[in-house]
Amino acid sequence: MATAGNNATTADLAPASAPEAPSSSSQQQGSKGSSLPHSLSKDRRIAEHASGRPLNLQGSKTLDWGEDAPEELQGLEHDASLHVFSAGYDVYALPKYHMPRRGMPAAVAAQGITDLRQLDHNPRLNMASFVTTWMEPEVTALMQDCLNVNLVDMDEYPSTTDIHNRCVSMLAALYHCPTPPDKAVGSGTVGSSEAIMLAGLAMKKKWQARRSAAGLPADRPNLVMSYTVQVCWEKFCRYWDVEENYVTVEEGRYGITPELAKQKIDENTIGVVGILGSTYNGEFEDIKGLNDMLEEVNREHPEWQVPLHVDAASGGFIAPFSYPELQWDFRLTWVKSINVSGHKYGLVYPGMGWVLWREPGDVPDDLVFHINYLGSDQASITLNFSRGASSVVGQYYQLLRLGRDGYSSVMSNLATIAARLAAGILETGEFEVLSKPEGVPLVAFRLKQKTDEQGNPVDRGFDEYDVSDRLKEHGWVLPAYTMPPNARDVKLLRAVIRVDHSMTLVEKLIGHISEALALLALHESRSEASILRHLRQHKQHHRHKSSPHLQVKTTSQC
Ligand SMILES: Cc1ncc(COP(=O)(O)O)c(C=O)c1O
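Conventions adopted
- Residues numbered from 1 in each chain as written.
- Predicted model: local features only at pLDDT ≥ 70, side-chain atom pairs only at ≥ 80, totals over all residues.
- Heavy atoms only, no water.
- Buried < 20%, exposed > 50% of the residue type's maximum accessible area, 1.4 Å probe, protein only.
- Helix = DSSP H or I, 4+ residues; strand = E, 2+ residues; numbered from the N terminus.
- Pairing = 2+ DSSP bridges.
- Near = heavy atom within 4 Å.
- Polar contact = N/O pair within 3.5 Å; in protein donor to acceptor, adjacent residues only side chain to side chain.
- Areas by Shrake-Rupley, 256 points an atom, 1.4 Å probe, with all protein chains shown as cover.
- Nonpolar A, V, L, I, M, F, W, Y, C, P; charged D, E, K, R; others polar.
- Core = buried A, V, L, I, M, F, W, Y, C linked by side-chain atoms within 4.5 Å.
- Contact = heavy atoms within 4.5 Å.
- Axes fitted to C-alpha atoms, helices over the stretch in contact; angles between N-to-C directions.
- Expected span 1.5 Å × (residues − 1).
- Bend = angle between axes of the 7 residues up to and from the residue.

## Looking at the pairing of strand β9 (residues 353-357)
Side-chain positions along a regular strand alternate between the two faces of the sheet.
Stage number 1. The buried fraction of β9 is high, at five of five residues.
Stage number 2. The side-chain alternation of β9 yields two buried faces, one formed by Gly353, Val355 and Trp357 and the other by Trp354 and Leu356.
Stage number 3. Here strand β3 (residues 185-189) runs beside β9; their pairing, made up of five bridges, is antiparallel. Residue pairing in the sheet places Gly188 in a bridge with Trp354 of β9.
Stage number 4. In this sheet, β9 lies alongside strand β8 (residues 335-341) in antiparallel orientation, the contact comprising five bridges. Paired with Asn339 across the strands is Val355, a residue of β9.

Here it is in structure tokens:
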């Protein structure tokens, strides 16, 4: 269960004597515990506010709001004439550990939270994320309009339910589902993670049913997938007791292959996962190859019936438009389910995913809850009950607004911009690009191995993490991370191109990457430590003549 401490930093966990430590008594606030003069009454404050004189508030420690509003501020909450930054509210740190007994004026609460949020990065410069950070004002208004609509209340909001079902139908048709669009089976979810939990559960339950019907044990299910799967697949396996049956990766191969997957499959395999758009480097795995391999396996072992699930979190809104000929969806017989994130290249703000099944028989009955709505039977397949309707409305808007041509233009523009970024990065002469031209519009890249005149490897004195840190100084967020086990030595940086990343911005980014490299190289060449390190390395090299391996910082990406 999530706890309030989840996002606590070390500073947050400081002992109670620290300036910002929680205070439990209102007495500590205001007159007694604070350095705010006791005499500073409401009247005096208002008088001072009116006269425009600065308030004489001195103190060397942080004044905490605590559970009760400080005495000096009590009763001011109804004075609309007060200025947020002159009434004295900003002298107190906002409550952190206890809900205040008395509220505060709306403007003060809003300003305080806005101020806190200023310390976050600018979402549009967050090149780490695949998730949409810009939508048109028209759809933003539409989405705001249904902030108070609970999608689950199908009786009360039949049109919103209809909008949801229209999206399911359109996506099923887009993915060449053999089930007619008006009978398509699928559901809106919070994101691909929820969609994956549902698709994974469907595979597990179908496998269990097959095994039980054959009188075979059904207690050791496994799922075959690449080590490059997103963390939600690990979650699925751990939450629902499925063994993670990984195909490892290696330098130069960062995904599953049909041959390697085949070696992992056995009678306990509930399914195989193919990724259309790897989180690590954006590449599309060979879904057609996986399908053909399963065709063979299931012919050899008709009792296994191993299905293929396509994790199209990113690729599901790219492939149909940029690579319409690519065989990855329900055109392939063994593709039984697909997930896609509406909030990635579906171009909707966070909170939108979709899961679709090939046909009704691919969803076990006990995953479907039937809600009798206005006389007709509505199937509900979700993990949670209540959820907002805004993102579904946003998705329907995007499908209508852009149409197939609009999505094609957007995806083609993004590919052009990503190609320019890749070229700019290569022009520095210091990087190599690990993403492929076909796939998600992103650039995954790493520093080239530097060598001396004799061709011997030389430590640069800085790595991808340092480049990432430098770029933050300009506001850019480009994550540095390592590849999964077996390729952990591969460190890389990633810049995801989204709909709101214009060529103008990307040209700026290229300039900042060059600047970061130049500064890092300069600092490195000036540092005494570096000279010593180079000398040491030089000596070691002549002693061992073996290639030094990079120092690896282990961190998980995303
Ligand atoms: C390939 C892949 N699958 C699943 C997910 C999880 O998606 P969501 O964030 O929509 O839950 C991601 C997220 O980056 C992803 O890249």
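## Topic: the site of the ligand
Stage number 1. In the vicinity of the ligand lie 14 residues, with Ser192, Ser193, Asp311, His343 and Lys344 positioned nearest.
Stage number 2. The separation between an oxygen atom of the ligand and a polar main-chain atom of Ser192 is 2.8 Å.
Stage number 3. The protein chains hide 89% of the 390 Å² of surface that the ligand would expose on its own.
Stage number 4. Per-element accounting of the shell around the ligand gives the leading share, three residues, to helix α6 (residues 192-213).
Stage number 5. The residue makeup of the shell around the ligand, split by class, is four nonpolar, eight polar and two charged.

## Some words on the nonpolar core
Stage number 1. Formed by 103 residues in total, the largest nonpolar core has its most connected members in Tyr175, Ile265, Trp328, Tyr345, Leu421, Phe431 and Val467.
Stage number 2. Broken down by element, this core gets its largest block of residues, 14 residues, from helix α11 (residues 390-427).
Stage number 3. Those residues in contact with Tyr345, other than ones at most four positions away along the chain, are Phe130, Ser314, Phe317, Ile318, Tyr407, Met411, Leu414, Val440, Pro441, Val496 and Ile497.
Stage number 4. With 28 residues, the next largest nonpolar core counts Ile196, Met203, Cys232 and Val273 among its residues.

## A few points about the sheet that holds strand β13 (residues 442-447)
Stage number 1. In space, the four strands of this open sheet follow the order β12-β13-β17-β16, with antiparallel pairing throughout. Two strands close off the open sheet at either side, each with one partner strand: β12 (431-433) and β16 (480-482). Direction aside, the axes of adjacent strands within the sheet are offset by 40° on average.
Stage number 2. In this structure, β16 lies alongside strand β17 (residues 491-496), joined through three bridges in antiparallel fashion. Following the sheet pairing, Ala480 is matched in β17 by Leu493.
Stage number 3. In the packing of α11 onto the sheet, the strands contacted are β12, β13 and β17, and the crossing angle to β13 comes to about 10°.
Stage number 4. Against the sheet, helix α12 (residues 464-472) makes contact with β12, β13, β16 and β17, and its axis sits at roughly 35° relative to β17, the strand it touches most.

## Looking at α11
Stage number 1. Helix length check: α11, at 38 residues, gives a terminal C-alpha distance of 43 Å against a target of 56 Å (1.5 Å per residue), a shortfall beyond 12%.
Stage number 2. The sharpest bend along α11 comes to roughly 85°, located at Gly403.
Stage number 3. Immediately beyond the C-terminal end of α11, within one or two residues, lies Gly429, with a positive phi of roughly 80°.

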